[in-house]
Amino acid sequence: MRIVLLGAPGAGKGTQAGILSKRLNIPHISTGDIFRANIQKGTELGLKAKEFIDRGKLVPDDLTVSIVKDRLLKDDCQRGFILDGFPRTIPQAESLDNELSGLGIKLDAVINLEVPDEVIVRRMQGRRVCARCGKPYHVLTLKPKQEGICDVCGGPLIVRDDDKEETVRERLRVYYKNTEPLTGYYESKGILYNFDGTKDIEVTTGEIMSKLEQITGKTG
Ligand code: AP5
Ligand code: MG
Ligand code: ZN
């Protein structure tokens, strides 16, 4: 399956993408995680991206699109993929459409997680992420087995630099201006599916999985 996860910052895209990736056995591709890994390694891409990310702005489309194009050509994407945090602008969505149609494939589903702003601001205050693999945790609702340590890879759990409340609010503004219009874009293509992202994590996963089963049943 070829899936895009859409939703505001903190809506739970990374959380759901991680679970769905395991269940469906397809790679989870997060542009945010790719940028953060590059920032940590101090690459040129990381240096460029950091100045936008730390201010809650979007990284320019040309940089972002080329990373995703390269990633989609890797072998592990043959069976499908889950894009998390990409596309985030109409030009990015159009580039993705062009790229996929060049490969003779198309998206099966765009999953939109809906969560009110105030819930998001509260959630982000408790978020921790693994510095090594990016897996998100929460100090109240999703604790690691051992405090401060990632269950999956043993990496240290940290607070993201862009999770300060004022930066979160700026990210929300950017989301409404640039990314929210994508819901209309995909709705008109008939592949948008909305989910209530305020429910328990497993409940939302269950709802997404049954919708995906319905879609694969329908398209064969
Ligand atoms: P990115 O890393 O994609 O950040 P984001 O979109 O702002 O989303 P987040 O990762 O903050 O949230 P999420 O939806 O993944 O939620 P999560 O599962 O962690 O992008 C970061 C930056 O990189 C951007 O601001 C931009 O600068 C740049 N960038 C990235 N992609 C780009 C692109 N395509 N173009 C241009 N620039 C780009 O969950 C959040 C918290 O809530 C966690 O603590 C989690 O445990 C908890 N939680 C999740 N689900 C639930 C639930 N159901 N109930 C209770 N708690 C929950
Ligand atoms: Mg994320
Ligand atoms: Zn980890």
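Remember, predicted model here, so these are calculated numbers, not experimental data.

A. Inspection of helix α7 (residues 165–179) at higher detail. Taking 1.5 Å of rise per residue, 15 residues should cover 21 Å, and α7 covers 20 Å from first to last C-alpha, within 8% of that figure. Turning to α7, its buried residues number three or more, namely Thr 167, Val 168, Glu 170, Arg 171, Leu 172, Val 174, Tyr 175 and Thr 179. Along its buried surface, α7 packs onto β1 (2–7), α3 (44–53), β4 (109–114), α6 (117–125), β5 (127–130) and α8 (181–187).

B. Layout of the layout of surface pockets. Taken as a whole, the second largest pocket encloses approximately 410 Å³ of empty space. Around the second largest pocket, the lining is made up of 20 residues, and of these Arg 36, Ala 37, Gln 40, Ala 131 and Ile 158 lie nearest the centre. A per-element tally of the lining of the second largest pocket places helix α2 (residues 31–41) first, with 6 residues.

C. Broad picture of empty space enclosed by the protein. Counted according to the given criterion, the structure contains 1 cavity of 30 Å³ or more. Considered as a void within the structure, the largest cavity measures approximately 40 Å³ in volume. If you trace the largest cavity, you find it lined by Val 65, Val 68, Lys 69, Leu 72, Phe 86, Ser 95, Leu 96 and Glu 99. Where the lining of the largest cavity is concerned, the elements lending two or more residues are α4 (61–72) and α5 (90–102). In terms of residues, the lining of the largest cavity owes the most to one element, α4, which gives 4 residues.

D. Representation of the sheet that holds β4 in the model. Taking strand neighbours across the sheet as the criterion, the 5 strands line up as β2-β3-β1-β4-β8 in an open arrangement whose pairing is parallel. The sheet terminates laterally at β2 (28–30) and β8 (192–196), the two strands that pair on one side only. Within the sheet, the average angular offset between the axes of one strand and its neighbour, ignoring direction, is 25 degrees. Examined bridge by bridge, β2 and strand β3 (residues 81–84) share 3 bridges and lie parallel to one another. Looking across to β3, one finds that Ser 30 is bridged to Asp 84.

E. Summary view of the pattern of salt bridges. Within this structure, the stated rule accounts for 15 salt bridges. Arg 160 is the salt-bridge partner of Asp 162, the closest N and O atoms lying 3.0 Å from each other. For Asp 162, a relative accessible area of 7% gives the class buried. With a relative accessible area of 13%, Arg 160 lands in the buried category. Counted as one network, the salt bridges with shared partners bring together Arg 127, Arg 160, Asp 162, Asp 163 and Arg 171.

F. Spatial organisation of the packing of α2 against α4. Closest axis-to-axis distance for the α2/α4 pair is 11 Å, and the angle between their directions is 100 degrees. One element, α2, and the other, α4, form an angle in the roughly perpendicular class. Note on element contacts: α4 touches α2 through Thr 64, Ile 67 and Val 68, opposite Thr 31, Ile 34 and Phe 35. Here the contact of α2 with α4 is built from residues that sort into 4 nonpolar, 2 polar and no charged.

Definitions and limits used
- Residues numbered from 1 in each chain as written.
- Chains lettered and ligands numbered in written order.
- Predicted model: local features only at pLDDT ≥ 70, side-chain atom pairs only at ≥ 80, totals over all residues.
- Heavy atoms only, no water.
- Helix = DSSP H or I, 4+ residues; strand = E, 2+ residues; numbered from the N terminus.
- Expected span 1.5 Å × (residues − 1).
- Buried < 20%, exposed > 50% of the residue type's maximum accessible area, 1.4 Å probe, protein only.
- Contact = heavy atoms within 4.5 Å.
- 1 Å grid on protein atoms, 1.4 Å probe; cavity = no way out; pocket = protein on both sides within 12 Å on 5 of 7 lines; lining within 4 Å.
- Points joined across faces, edges and corners; volume = space filled by probe spheres on them.
- Pairing = 2+ DSSP bridges.
- Axes fitted to C-alpha atoms, helices over the stretch in contact; angles between N-to-C directions.
- Salt bridge = Lys/Arg side-chain N within 4 Å of Asp/Glu carboxyl O.
- Parallel < 35°, antiparallel > 145°, perpendicular 65-115°, else oblique.
- Nonpolar A, V, L, I, M, F, W, Y, C, P; charged D, E, K, R; others polar.

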